[in-house]
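Residues per chain are reported as follows:
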Amino acid sequence: MAVHGRHPSLRDLFDESPTPHIAHPPHTHHRDFYVATDGSFSHDTREGGLGVIIETRDGERVARLSVSDDVPDNNVAEYRALHLGLDVLAVRAPANARIGVLVDHDQLAANVNNAVLAHDRTDWRPPKPFTVPSAGKYHWRGIRARIAGFGELRSARIRSDQNPAHPLANAPDEYAHVNREPARCLLPEVPGSSETQIPPPSRADRHASG
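Computed from a predicted model, the values in this text were never measured in an experiment.

Each helix and strand counted, the chain has six helices and five strands in total. Counting from the amino terminus, the chain carries its helices and strands in the arrangement α-β-β-β-α-β-α-α-β-α-α. Here the chain holds 210 residues, and the buried ones make up 46% of them. Across the chain, contacts joining residues at least 24 apart in sequence account for 72% of those joining residues at least 6 apart.

To continue, consider helix α3 (residues 106-119). Between its terminal C-alpha atoms α3 stretches 20 Å, which fits the 20 Å expected from 14 residues at 1.5 Å a residue. The element α3 is largely enclosed, with a buried count of ten among its 14 residues. Taken together, the buried positions of α3 are Leu108, Ala109, Ala110, Asn111, Val112, Asn113, Asn114, Ala115, Val116 and Ala118. On its buried face, α3 sits against α2 (74-90), β4 (98-103), α4 (137-149) and β5 (152-157).

For the rest of this paragraph, the subject is the packing of aromatic side chains. The geometry of two aromatic rings is summed up by the distance between their centres and the angle between their planes. According to the stated counting rule, one finds three aromatic pairs in the structure shown. Ring centres of Tyr79 and Trp140 lie 6.1 Å apart, and the angle between their planes is 80°; this geometry places the pair in the edge-to-face category. Taken together, the residues Tyr79 in helix α2 and Trp140 in helix α4 connect sequence positions 61 residues apart. The exposure classification of Tyr79 matches that of Trp140, with both residues buried. Geometrically, the ring pair formed by Phe130 and Trp140 is edge-to-face, given 5.2 Å between the ring centres and 65° between the ring planes. Of this pair, Phe130 sits in the loop between α3 and α4 while Trp140 is found in helix α4, placing the two residues ten residues apart along the sequence. What makes Phe130 partly exposed here is its relative accessible area of 24%. Here the aromatic residues Tyr79, Phe130 and Trp140 are joined through ring pairs into a cluster of three or more.

So, about unusual backbone geometry. The phi torsion at His21 lies on the positive side, around 70°, for a residue other than glycine. Here His21 shows up in the loop between α1 (10-15) and β1 (33-41). His21 sits in the partly exposed class, given a relative accessible area of 39%. Its identity is not glycine, yet Arg46 carries a phi of approximately 60°, on the positive side. Tracing the backbone through its elements, the reader meets Arg46 in the loop between β1 and β2 (48-56). Of the residues examined, Arg46 reaches a relative accessible area of 51% and is grouped as exposed.

Definitions and cut-offs
Residues numbered from 1 in each chain as written. Predicted model: local features only at pLDDT ≥ 70, side-chain atom pairs only at ≥ 80, totals over all residues. Heavy atoms only, no water. Helix = DSSP H or I, 4+ residues; strand = E, 2+ residues; numbered from the N terminus. Buried < 20%, exposed > 50% of the residue type's maximum accessible area, 1.4 Å probe, protein only. Contact = heavy atoms within 4.5 Å. Expected span 1.5 Å × (residues − 1). Phe/Tyr/Trp six-rings, centres within 6.5 Å; stacked < 30°, edge-to-face > 60°.

What follows is the structure, encoded as C-alpha cells:
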C-alpha cells in the first residue's frame, strides 16, 4: 500500500476490524482520534523502523512519522511504534479523547484491550495474563500509562497489507520526508456542540507561560 496514495480512512479500517477481548460497538466513529502504528526489523540488515499515522475521525491527518530505530526484533519494534504513536497523540489530544488504535500485531492488540479492561477493574488485574516481550517491557509500561491517560481507548487488529503505517516502518529512508510535514492539532467536532480546535503546542505554551 503506497503511503503517497490515499489510503482508506483509519476510522473505516477500525470499524471493519476485530477488537480482541472487547465487543466491537456499532458506532465506533465516536472515536475522536485514530492512530495506526507499525514496527519493522530486518534480520538481514539488523535494522528497524517505526511508522505512525494519526487521523481525526473525519479523516484529517494529524501526524505521520517514519523513523529508523535500533531494535532487537520485530516484536519489540511493534511495542516501540505504538509507544511513540501514543506519546505523539497525547500532546495533541485532550485528556478525555476517545482513541482507536490500529496495529497488525495480534498479541499487542490483545494486550492493549486487556489493559483497557484491567483499568476498569477495581483490582487492576487483566482478565487474561499479558504476554509482553521482555525487551519491550518499558515500552509496555509507557503504553499502559498512555492508555490510562485517555478518556477511552480500544485496539483493533488489522492485516499488515491493510496497515498504512507499514510502508513507513519498513522504508524509513524512503519516507523520511513525512517527518517534515507540519503536525496538526485538530479536535473533531463533538456532536451537539460547535466545532472546537486545539491550539498548536507553541500557542498553548505561550499562553501558559504568559
